[in-house]
Amino acid sequence: MKNNNGLRSVGIIGTGSEVPPRVVTNADLEKMVDTNDEWIRTRTGISERRIADPDMATSDLAVGAARKALAAAGVKPEELDLIIVATVTPDTLFPSASCVVQDRIGARKAAAFDLSAGCSGFVYALSTASQFIAAGTYDKVLVIGAEMLSRITDWEDRSTCVLFGDAAGAVVLAPVEDGKGFLSFELGAEGGGGKHLILPAGGSRLPASARTVADKQHFIKMAGNEVFKFAVRIMGEAAVEVLEKAGLKSQEVDLFIPHQANIRIIEAAAKRLGLGMDRVFVNVQKYGNTSAASIGLALDEAVREGRVQSGDLLVLMGFGAGLTWAAAALRWV
Ligand code: UT7
């Protein structure tokens, strides 16, 4: 199970996901803000999204997804060495969501931390987790992307509230036979673009106060057009780069699983890669943009729908707040 670098090969041995039961359709949003189903579908590809009820928190979705991923992998919580939760909406700023999950699933010996890289967080976390296993430090790592952007969305701002949804996606990583599992990663950041997608208040720069609440500074602020241009550029570039690193060509990709933010961004990336949409997984129409949860959720659906077979070449690709991006090429175990 050692590759050419003397490192262990690392793969995904189980997937799971969880979404809240409440469906919010475009028609429901028409009653809340000045928007319409046609605009939302043609500009974003989204028809509906899942929104958590007030009594739920991000860790509730994370725990649900984690339990399913562990069952699929045949791994007991006590066997886990590490839990990483990628999120920008943890239950509390601290303790981390990963510590809540560790306690609730009974992963007694697992270390736990959260990772913040916006919608790229899940692939950033896969890369981080796989280093621990490749080096032989850990054997079994649980990676979860979990998010409740509904809690930081301004439900009076039509330019953002139609886009987002709540969800969690989880995977279990372990050593796998050589030639399978992760082949390459490509991570990056352009911090100068951070202002284009930001939660201004609640941190050390602008602590919570009556004023920040009155000014709606605890809600997502996004320059949609700027993020759109960045996403289209980076999706193409990073996906090509991650394949080059693995010595592969885009024509060899069996399934491309991009961050589900906007169908137009996904189609532009597929075109850039020369991939037909039959080799691209899309579920943005059902869930909207679920940030760090989206790739894990999409991967789990793809697996459950039988769209991922042993030996298939997959590319996972995220972009988001930071601004950040992260891509992974992997051969399914
Ligand atoms: O996970 C990473 C996070 N973010 C993203 O991936 C978002 C990337 N950006 C996008 O997906 C797109 O930029 C949006 C979907 C957010 C917006 O689409 P767009 O084609 O860039 O539209 P726009 O912002 O240029 O707005 C076009 C028009 C504007 O009206 P005017 O100024 O042309 O009269 C907006 O006011 O559409 C209007 N508009 C809406 N109309 C109906 C904006 N939001 C809505 C809405 N319903 N919900």
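Shown above is the structure to which this text applies.
As the structure is a prediction and not an experimental result, all values here were calculated from the model. Throughout, a residue's number is its position along its own chain's written sequence, starting from 1. The predicted origin of the model limits local features to residues at a pLDDT of at least 70 and limits the giving and counting of side-chain atom pairs to 80 or more, whereas totals for whole chains, interfaces and linings rest on all residues. Calculation of side-chain values draws on the structure's entire complement of heavy atoms; hydrogens and water are dropped beforehand.

With nine of eleven residues buried, helix α11 (residues 294–304) lies mostly within the body of the structure. Each residue's exposure class comes from its accessible area (1.4 Å probe, protein chains only) as a fraction of the maximum for that residue type: buried when under 20%, exposed when over 50%, partly exposed otherwise. Strands are runs of DSSP state E lasting at least two residues, helices are runs of H or I lasting at least four, and both sets are numbered from the N terminus onward. The set of residues buried in α11 consists of S294, I295, G296, L297, A298, L299, D300, E301 and A302. In what follows, a contact means two residues having at least one pair of non-hydrogen atoms within 4.5 Å. The elements touched by buried residues of α11 are β1 (10–18), α5 (121–134), β7 (166–175), β11 (255–258), α10 (284–287) and β12 (313–320). Immediately downstream of α11, the backbone of G306 shows phi near 75°, a positive value.

Our focus in this paragraph is the site of the ligand. One heavy atom within 4 Å of a molecule or strand makes the whole residue count as near it. In the vicinity of the ligand there are 23 residues, among which T35, R43, H259, N262 and N289 approach most closely. With respect to the ligand, the side chain of N262 contributes an N or O atom lying 2.7 Å from an oxygen atom. At 2.7 Å from an oxygen atom of the ligand is found a side-chain nitrogen or oxygen belonging to N289. With residues, only the protein chains shown are counted as cover, and all accessible areas are computed by Shrake-Rupley using a 1.4 Å probe. Summarising the interface, the protein chains cover 73% of the accessible area of the ligand, which totals 950 Å² for the free molecule. For the shell around the ligand, the secondary-structure elements that each account for two or more residues are α2 (37–44), α6 (158–161), α8 (224–245) and α9 (263–273). Per element, the largest residue contribution to the shell around the ligand is four residues, and it comes from α8. Each polar contact in these results corresponds to two N or O atoms within 3.5 Å; when the atoms are within protein, one needs to be able to donate a hydrogen and the other to accept it, and residues that are neighboring in sequence are counted only if both atoms are side-chain atoms.

Looking now at the pairing of β11. Residues L255 and I257 line one face of β11 and the alternating positions F256 and P258 line the opposite face, and both faces are buried. Inspection of the sheet shows β11 paired to β12 by four bridges, in the parallel sense. Its bridge partner being in β12, I257 is matched across the sheet by L316. At least two DSSP bridges between two strands are needed for those strands to be called paired.

On to the sheet that holds β11. Hydrogen bonding along the main chain pairs the strands of a sheet, whether they run parallel or antiparallel. Overall, mixed pairing links the four strands, which are arranged β8-β13-β12-β11 in an open sheet. Edge positions in the open sheet fall to β8 (181–189) and β11, since each of these has one partner strand only. Pairwise comparison of adjacent strand axes, ignoring direction, gives a mean angle of 10° for this sheet. Axes here mean lines fitted to C-alpha atoms, for a helix over just the part in contact, with angles spanning 0 to 180 degrees between N-to-C directions.

The next point concerns the environment of V123. By the element assignment, V123 lies in helix α5. V123 sits 148 residues away from K271 along the chain, and the two C-alpha atoms are 22 Å apart. Apart from residues no more than four positions distant in its own chain, V123 is found in contact with F185, L187, I295, L316, G318, A326, A327 and A328.

Our next topic: the packing of aromatic side chains. When two rings of Phe, Tyr or Trp (its six-membered ring) have centres within 6.5 Å they constitute a pair, described as stacked for plane angles under 30 degrees, edge-to-face for angles over 60, and tilted for the intermediate range. Under the counting rule described, the total for this entry stands at three aromatic pairs. Between F132 and Y138 the ring centres are 5.1 Å apart and the planes differ by 35°, which places this aromatic pair in the tilted class. Residue Y138 is classed as partly exposed on the basis of its relative accessible area of 22%. Between F230 and W325 the ring centres are 6.1 Å apart and the planes differ by 55°, which places this aromatic pair in the tilted class. With F230 in helix α8 and W325 in strand β13 (residues 324–331), this residue pair connects regions lying 95 residues apart in the sequence.

Here the focus is the pattern of salt bridges. For salt bridges, the criterion is a side-chain nitrogen of Lys or Arg within 4 Å of an Asp or Glu carboxyl oxygen. Applying the stated criterion across every chain, the model contains 16 salt bridges. Among the ionic pairs, K31 bridges to D28, the shortest N-O distance being 3.8 Å. When the shortest N-O distance is used, the salt bridge between E190 and R233 registers 3.1 Å. With E190 in the loop between β8 and β9 (197–198) and R233 in helix α8, the pair connects residues that are 43 residues apart, well separated along the chain. Classification of E190 by relative accessible area gives partly exposed; the value is 30%.

In this section: the state of the cysteines. In this description, a disulfide is simply a cysteine sulfur pair whose atoms lie within 2.5 Å. Taken as a whole and assessed by the stated rule, the structure comprises zero disulfides. Cysteine C161 remains unbridged, with the sulfur of C119 as its closest cysteine sulfur at 17 Å.

Counting 44 residues, the largest nonpolar core has L243, V253, F256, V315, M317, F319 and W325 as its most contacted members. It is α8 that provides the largest number of residues to this core, a total of nine residues. For our purposes a nonpolar core is just a set of buried Ala, Val, Leu, Ile, Met, Phe, Trp, Tyr and Cys residues, chained together by side-chain atoms within 4.5 Å.

Without other data, these values stay purely geometric and don't point to any function.
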